[in-house]
Amino acid sequence: MSLLAVEDLGISFGGVIAVDGVGFRVEPGQVFSIIGPNGAGKTTLFNLVTGIYTPHRGRVTMAGETLTGLAPHLLARRGMSRTFQNLQIFFRMTALENVMVGRHLSERTSLLSDLFGLPASSRQNRATRDAARVLLERVGLGAVADTLAGALPYGALKRLEIARALAAEPKVLLLDEPAAGCNAVETEAIDHLIADIAKSGVGVVLIEHDMKLVMKISDRVLVLAQGRRLAEGPPRDVRENPDVIAAYLGDHGAREADRAGA
Amino acid sequence: MLGRLLRARYATLFLLAAIMIAVPYLAPSAFYLRVAAVVWVFALAALGLTILMGYAGQVSLGHAGFLGLGGYAVAIGPARFGLDPVLCLFLGAALAGALAFLVGRPILRLKGYYLAIATLGFGVILALVFHSESDWTGGPDGMAVARVTVFGTRLAGAATWYWVTAGALLIGAFLALNIEASPTGRALKALHDSEVAAAGAGIDVGRKKLAAFVIGAIYAAFAGGLLAAMNGLITPDAASFMHSIELVAMVIIGGLGSVLGAVVGAAFLVVLPQALTVLQEYEQAVLGLLIMVFMIFLPAGIVPTLRKWLLERLS
Ligand SMILES: Nc1ncnc2c1ncn2[C@@H]1O[C@H](COP(=O)(O)OP(=O)(O)O)[C@@H](O)[C@H]1O
Ligand SMILES: [Mg+2]
């Protein structure tokens, strides 16, 4: 029984099949990467797994429990967290408050306690704030905790989303292009962070364009093209798969992948 | 020192209390006290919208409907059922909360303009009911509200109502400030910015919106009940579309999401028309113009703009 098992997922939009019978499994502590050209259906696959879209066919299970079609907040409750390719930040809040929202599931106050400002709510606020601070430090944003998220640079927001997702203490973490638009130093930091997260036992599903990063940290790689599975396996096998080289990596990509593997 | 004060949770409360104590000294006439009491009541209703619109980002163009509901509860309860008016104040609030719970479920699935129109429709229906169910509501002329007695003392006179409404507003502000700084407030502000990310963090977006809608309705109903009891009269006009728009304008002019802003916005829209009556037929035009000028130059609202300016001065 896998931590996350996705079977035969499919959806189409107005006759266009965006995801066509894709499946994969993720185990605790694994980094499972999904690559493929733009428009291949990677983000749509994430949206199907995290309940934003309801699949037309297929199944999503976590530790044996079927979760297909559940609302996103219920999936979060079962240990699924994600980040977004097109940032979904709470721009009117500070960096710290963004991560505090991520602690929502561990908060135990009632509406009445919150209304009357009872000690329970103040205590909860303190606990949430402390936990959020630790996470901000972990992604290297401790110094900007009280800065309005709307004023932070793109690279910082990418890491802020990771901190917020981690705040929920997920079993499965789905990252949609966390290193996109980041410089080499930032990418390196994200690389370490992802490895660290996986080491703590979380199953990480990663969509990423940076081939070097993917080949270096993935346990398994799934290649999507036009909504379909082109190949799946350990990074080395995938890199040498002729279909993949032809359809996706191309000459340039293969060379990059070689360099990463070397 | 001042900077810390500006950021402290209950600073608003102390400032508000100070103003409430100062007004009777600065303007010691029954007329001014009555105007101020009306400001406190509308500020209380606007606070409900601060929670719904300012925190949660959900618009309601029918909120005066709940105001009317609270008013008619205080009028009808004692007149038809012989109930205590104070009890009816709470019954009206409970009724408004229950109604908001029922209509909120389907309505709050809508977003943006659609939500605006749906709430507008809801408000119009309520106003229509108050207008046409004359057996119960007295029709277009409205109905008288029995005098309120609390522990054997009759609530009468401008000064008494001034303090009753001021106290109610302070309690309302206290609760709104608590909510803002709590896990619930964080969830509301989160879904305001991104529903997808809020849901991803495990927030039941639909339920939180509904809670904000119900709380907003209860605020408005309390305010409506106080208004009716204070005036000794309630008419369908209380629930009119114009009043709904006024409530929204108060929250936006004062500063969306700011508790003090709701009070300042209410003062703006209650006091200015009174002050502008000297302009006679130009009153409405000048009021409209002033609203436009304020929105153009202080788009974030009066209070947030002032606060930001003060904080920048201090740092
Ligand atoms: N809500 C939607 N409506 C219509 N088409 C969609 C929708 N979501 C995704 N698609 C389509 O699905 C395909 C895959 O998109 P996407 O998953 O974003 O690709 P990737 O993340 O791999 O770049 C695209 O052709 C896109 O236009
Ligand atoms: Mg994508």
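As the structure is a computational prediction, the values presented were derived from the model and not from experiment.

S.K.: Tell me what's going on with the environment of Leu 141 of chain A, and back it up with residues and numbers.
M.R.: Residues and elements named next belong to chain A. In this fold, Leu 141 is placed in the loop between helix H5 (119–138) and helix H6 (154–167). Residues Leu 141 and Ala 163, spaced 22 residues apart in sequence, show a C-alpha to C-alpha distance of 9.2 Å. Ignoring sequence-local partners within four residues, the contact set of Leu 141 consists of Leu 136, Ala 156, Arg 159 and Leu 160.

S.K.: If you had to explain the environment of Thr 83 of chain A to someone new, which residues and values would you point to?
M.R.: Residue and element names in this part refer to chain A. With respect to the element layout, Thr 83 can be found in the loop between strand S6 (80–82) and helix H3 (95–102). Given the relative accessible area of 3%, Thr 83 is considered buried. With sequence-adjacent residues up to four places away left out, Thr 83 is seen in contact with Glu 161, Ile 162, Ala 165, Leu 174, Leu 175 and Asp 176. A polar side-chain atom of Thr 83 sits 3.2 Å from the main-chain amide nitrogen of Asp 176.

S.K.: So, the site of ligand 1: which residues are in play, and what are the values?
M.R.: Residue and element names in this part refer to chain A. As a structural note, the neighbourhood of ligand 1 is formed by Phe 13, Ala 18, Pro 37, Asn 38, Gly 39, Ala 40, Gly 41, Lys 42, Thr 43, Thr 44 and Tyr 53. Here a nitrogen atom of ligand 1 sits 2.9 Å away from a polar atom, N or O, in the side chain of Tyr 53. Isolated, ligand 1 exposes 560 Å² of accessible area, and the fraction of that covered by the protein chains is 61%. Per-element tally for the shell around ligand 1: the top contributor is helix H1 (residues 42–49), with three residues. By residue class, the composition of the shell around ligand 1 is five nonpolar, five polar and one charged.

S.K.: Explain the coordination of the magnesium ion (ligand 2) residue by residue, including any values.
M.R.: Six octahedral donors at a metal ideally form angles of 90 or 180 degrees, and four tetrahedral donors ideally form angles of 109.5 degrees. For the magnesium ion (ligand 2), every protein donor is listed as Thr 43 of chain A (OG1) and Gln 85 of chain A (OE1), and the spread of their distances is 2.0 to 2.1 Å. Within this pair, whereas Thr 43 of chain A is found in helix H1, its partner Gln 85 of chain A is found in the loop between S6 and H3, the two being separated by 42 residues in sequence.

S.K.: Any chance you could break down the sheet that holds strand S2 (residues 16–26) of chain A for me, citing the residues and the numbers?
M.R.: Residue and element names in this part refer to chain A. Strand order in the open sheet formed by four strands is S2-S1-S4-S5, and the pairing between neighbours is antiparallel. Pairing within the sheet leaves two strands with one partner each, and these edge strands are S2 and strand S5 (65–66). With five bridges connecting them, strand S1 (residues 4–13) and strand S4 (residues 57–62) associate as antiparallel partners. Looking across to S4, one finds that Ala 5 is bridged to Thr 61.

S.K.: Go over the domain arrangement of chain A, please, and point to the residues and values.
M.R.: Residue and element names in this part refer to chain A. Partitioning chain A into structural domains gives domain 1 (4–79 + 170–261) and domain 2 (92–156). Computed over C-alpha atoms only, the centres of domain 1 and domain 2 are separated by 29 Å. Taken together, the contact pairs nine residues of domain 1 with five residues of domain 2. Carbon and sulfur atoms supply 61% of the area buried between domain 1 and domain 2, which totals about 510 Å² over both sides. Applying the counting criterion to the domain 1 and domain 2 interface returns one salt bridge. For Asp 196, the salt bridge is made with Arg 138, and the minimal N-O distance between the two is 3.3 Å. Remark: the boundary between domain 1 and domain 2 carries one residue pair in polar contact (both at pLDDT 80 or more). Every element with two or more residues in the side of domain 1 that touches domain 2 is listed here: helix H2 (72–77) and helix H7 (184–199). A breakdown of the residues in the side of domain 1 that touches domain 2 according to their chemical character gives five nonpolar, one polar and three charged.

S.K.: If you had to explain the pattern of salt bridges to someone new, which residues and values would you point to?
M.R.: Residue and element names in this part refer to chain A. Scanning all chains against the criterion turns up 16 salt bridges over all chains. Two residues, Arg 164 and Glu 161, come together in a salt bridge whose shortest N-O distance is 3.5 Å. With a gap of three residues between them, Arg 164 and Glu 161 both fall in helix H6, about one helical turn apart. Across the pair, Glu 161 and Arg 164 agree in class, each one buried.

S.K.: Give me the packing of aromatic side chains: which residues, what numbers.
M.R.: In the structure shown here, the tally under the stated rule is 12 aromatic pairs over all chains. Residues Phe 66 of chain B and Phe 122 of chain B carry aromatic rings whose centres are separated by 5.2 Å and whose planes lie at 40° to one another, so their mutual orientation is tilted. Here the residue Phe 66 of chain B occupies a position in helix H4 (residues 64–81), and Phe 122 of chain B occupies one in helix H6 (residues 112–132), the gap between them amounting to 56 residues. The same class applies to Phe 66 of chain B as to Phe 122 of chain B, namely buried. For the pair Phe 66 of chain B and Phe 213 of chain B, a centre-to-centre distance of 5.8 Å together with 80° between the ring planes defines the contact as edge-to-face. With Phe 66 of chain B in helix H4 and Phe 213 of chain B in helix H11 (residues 205–231), the pair connects residues that are 147 residues apart, well separated along the chain. Classification of Phe 66 of chain B by relative accessible area gives buried; the value is 0%. Using a relative accessible area of 1% as the deciding quantity, one classes Phe 213 of chain B as buried. Through pairs of rings, three or more aromatic residues link up here, namely Trp 40, Tyr 162 and Trp 163 of chain B. We note Arg 164 of chain A situated over the ring of Phe 90 of chain A; from NZ or CZ to the ring centre the distance is 4.7 Å.

S.K.: Provide a residue-level description of H4 of chain B, including the pertinent values.
M.R.: Residue and element names in this part refer to chain B. Across its 18 residues, H4 extends 24 Å between first and last C-alpha, which sits within 8% of the 26 Å expected from 1.5 Å per residue. Counted residue by residue, H4 has 15 buried out of 18 residues, so it is predominantly covered. Immediately downstream of H4, the backbone of Gly 82 shows phi near 65°, a positive value.

S.K.: Describe a nonpolar patch on the surface, naming the residues involved and giving the relevant values.
M.R.: Residues and elements named next belong to chain B. A cluster of nonpolar side chains, Phe 81, Leu 83, Leu 87, Leu 91 and Trp 136, forms an exposed patch at the surface whose accessible area comes to about 480 Å². With respect to the helices, strands and loops of the structure, Leu 83 is situated in the loop between H4 and helix H5 (85–107). Accessibility expressed as a relative area gives 32% for Leu 83, which makes it partly exposed.

S.K.: How would you sum up the packing of H5 of chain B against H11 of chain B? Please name residues and give values.
M.R.: All names here are of chain B. For the pair H5 and H11, interaxial distance at closest approach is 8 Å and the crossing angle is 150°. In terms of crossing hand, the pair formed by H5 and H11 is right-handed. Contacts between H5 and H11 involve Leu 89, Phe 90, Gly 92, Ala 93, Ala 96, Gly 97, Ala 100, Phe 101, Val 103, Gly 104 and Arg 105 from the former and Leu 210, Phe 213, Val 214, Ala 217, Ile 218, Ala 221, Phe 222, Gly 225 and Leu 226 from the latter. Counted by class, the contact of H5 with H11 contains 15 nonpolar, four polar and one charged residues.

S.K.: So what about the pairing of strand S8 (residues 203–207) of chain A? Which residues, and what values?
M.R.: Residue and element names in this part refer to chain A. Burial within S8 is extensive, with five of its five residues counted as buried. Side chains Gly 203, Val 205 and Ile 207 of S8 all project onto a buried face; the interleaved residues Val 204 and Leu 206 project onto the opposite face, where all are buried too. Relative to S8, strand S3 (residues 31–35) runs parallel, the two being bridged by four bridges. The residue of S8 that forms the bridge with Ser 33 is Leu 206. Note on the crossover from strand S7 (residues 172–176) through H7 to S8: the handedness is right-handed.

Conventions used here
- Residues numbered from 1 in each chain as written.
- Chains lettered and ligands numbered in written order.
- Predicted model: local features only at pLDDT ≥ 70, side-chain atom pairs only at ≥ 80, totals over all residues.
- Heavy atoms only, no water.
- Helix = DSSP H or I, 4+ residues; strand = E, 2+ residues; numbered from the N terminus.
- Contact = heavy atoms within 4.5 Å.
- Buried < 20%, exposed > 50% of the residue type's maximum accessible area, 1.4 Å probe, protein only.
- Polar contact = N/O pair within 3.5 Å; in protein donor to acceptor, adjacent residues only side chain to side chain.
- Near = heavy atom within 4 Å.
- Areas by Shrake-Rupley, 256 points an atom, 1.4 Å probe, with all protein chains shown as cover.
- Nonpolar A, V, L, I, M, F, W, Y, C, P; charged D, E, K, R; others polar.
- Donors = N, O, S within 2.8 Å, 3.2 Å for Na, K, Ca; no water.
- Pairing = 2+ DSSP bridges.
- Domains from an automatic or database assignment.
- Buried area = accessible area lost by both parts, 1.4 Å probe.
- Salt bridge = Lys/Arg side-chain N within 4 Å of Asp/Glu carboxyl O.
- Phe/Tyr/Trp six-rings, centres within 6.5 Å; stacked < 30°, edge-to-face > 60°.
- Lys NZ or Arg CZ within 6 Å of the ring centre and 35° of its normal.
- Expected span 1.5 Å × (residues − 1).
- Patch = residues over 30% accessible without salt bridge, like charges linked within 9 Å, V, L, I, M, F, W, Y side chains within 5 Å.
- Axes fitted to C-alpha atoms, helices over the stretch in contact; angles between N-to-C directions.
- Left-handed = near helix turned anticlockwise from the far one by under 90°.
- Right-handed = clockwise from strand over helix to strand, strands pointing away.

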